[in-house]
Amino acid sequence: MATTSSDLPVVLTIAGSDSGGGAGIQADLKTFQEHDVFGTSVIVALTAQNTLGVHGVHEVPADFVTAQLDAVASDMDVRATKTGMLATSELVHTVVKGIRRHGLTNVVVDPVAASKHGDALLAPEALATVRDVLLPVATIVTPNLGEVALLTGVEVTGTDDLDKAAEAMKALGPQWVLIKGGHLPDNLEAVDLLFDGERMIEIATARSASTDTHGTGCTLSSAIAANLAKGMDVPSAAQVAKDYITGAITHGLRIGAGIGPVDHGWPRRPVPPTDDAQAR
Ligand SMILES: Nc1ncnc2c1ncn2[C@@H]1O[C@H](COP(=O)(O)OP(=O)(O)OP(=O)(O)O)[C@@H](O)[C@H]1O
Ligand SMILES: Cc1ncc(CO)c(N)n1
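Residues numbered from 1 in each chain as written. Chains lettered and ligands numbered in written order. Predicted model: local features only at pLDDT ≥ 70, side-chain atom pairs only at ≥ 80, totals over all residues. Heavy atoms only, no water.

Under an unreviewed UniProt entry, the protein chain has the name Hydroxymethylpyrimidine phosphate kinase ThiD and belongs to Euzebya pacifica. One UniProt comment on the protein chain, placed under Pathway (unreviewed entry), says "Cofactor biosynthesis; thiamine diphosphate biosynthesis; 4-amino-2-methyl-5-diphosphomethylpyrimidine from 5-amino-1-(5-phospho-D-ribosyl)imidazole: step 3/3." Entered under Function (unreviewed entry) in the UniProt record, the comment concerning the protein chain runs "Catalyzes the phosphorylation of hydroxymethylpyrimidine phosphate (HMP-P) to HMP-PP, and of HMP to HMP-P." (UniProt positions renumbered as here; feature names shortened; annotations may be inferred.)

See below:
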């Protein structure tokens, strides 16, 4: 039976706005739409950003972050929540208090520290707050290799190190960890590792030659949240999300002069381009 509009599960993103549309809140809402869930948002910071970098950051006052979160969570049946750029230690505390106050479940934490260009999206002193306060409420945390190093001190230089990283992240309190191996160089595959303290599940797809990868992490974590909201378990949600991000990267968009965005709408494109056609 077809899903009627009122059956759409509600999903919430708590993150920063990317004016360039490829990452942050904009990527999250596009991903939610493509997954047939109803997207809502709490904007924690505005960025003046494009494919060339982050040109400015304007944080939202903590009490207005709370006002947004209370407005959504007091009125709607939020089935899953994703967090992204949280900017400061105060805002991390504010968001965690809101998650706890409303008893939000299926919490996907993307511990965003910097953009693809290396521009800071989290104050250095907020790393400890993410580690000590946010990770313990996470159903799943999805760090890239730079974030693993910042949060645990573990340096991953090859796929053999991924299990060490997963164990170190798991010790910080989340129920599940998904280590993203996307930044590993010279690998024919893009390998991620999912771990819940017992099961180590490798999730790998062919590596795309596309360099238009702005928004990959935001898109993957939002897709996981959407899948959890639809009732999937964590391993299925992560596997299905991995297939979605792989397609979005393979169809990367030549928009802007820098690192172009992934294509959130790729499943609707009539003729999928090959990787060779995408390579520049
Ligand atoms: N070239 C690629 N081809 C296929 N998959 C990739 C590629 N690069 C990254 N991935 C996959 O994309 C997902 C996101 O990983 P990545 O490491 O890029 O996240 P991130 O660094 O957090 O992204 P962001 O820059 O948005 O913060 C992972 O599943 C990773 O394996
Ligand atoms: C707002 C925002 N969130 C997350 C990322 C990480 O890609 C970004 N570049 N911008």
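That covers the picture; the talk isn't over yet.
Student: Sorry, what's going on with unusual backbone geometry here?
Tutor: If a residue is not glycine, its phi is most likely negative; likewise, a peptide bond is most likely trans. The phi dihedral of D36 falls on the positive side, at around 60°, and the residue is not glycine. The class for D36 is partly exposed, based on a relative accessible area of 45%. The backbone of A87 shows a phi angle near 70°, a positive value even though the residue is not glycine. Along the polypeptide, A87 turns up in the loop between β4 (78-83) and α3 (89-101). (Buried < 20%, exposed > 50% of the residue type's maximum accessible area, 1.4 Å probe, protein only. Helix = DSSP H or I, 4+ residues; strand = E, 2+ residues; numbered from the N terminus.)

Student: Could you clarify how one ought to interpret the environment of V156 in this entry?
Tutor: Counting through the fold element by element, V156 comes out in the loop between α5 (145-152) and α6 (162-170). In sequence terms V156 and H183 are 27 residues apart; their C-alpha atoms lie 9.8 Å from each other. Non-local contacts of V156, meaning those with residues more than four positions away in its chain, are made with L145, D161, L162, A165 and L184. (Contact = heavy atoms within 4.5 Å.)

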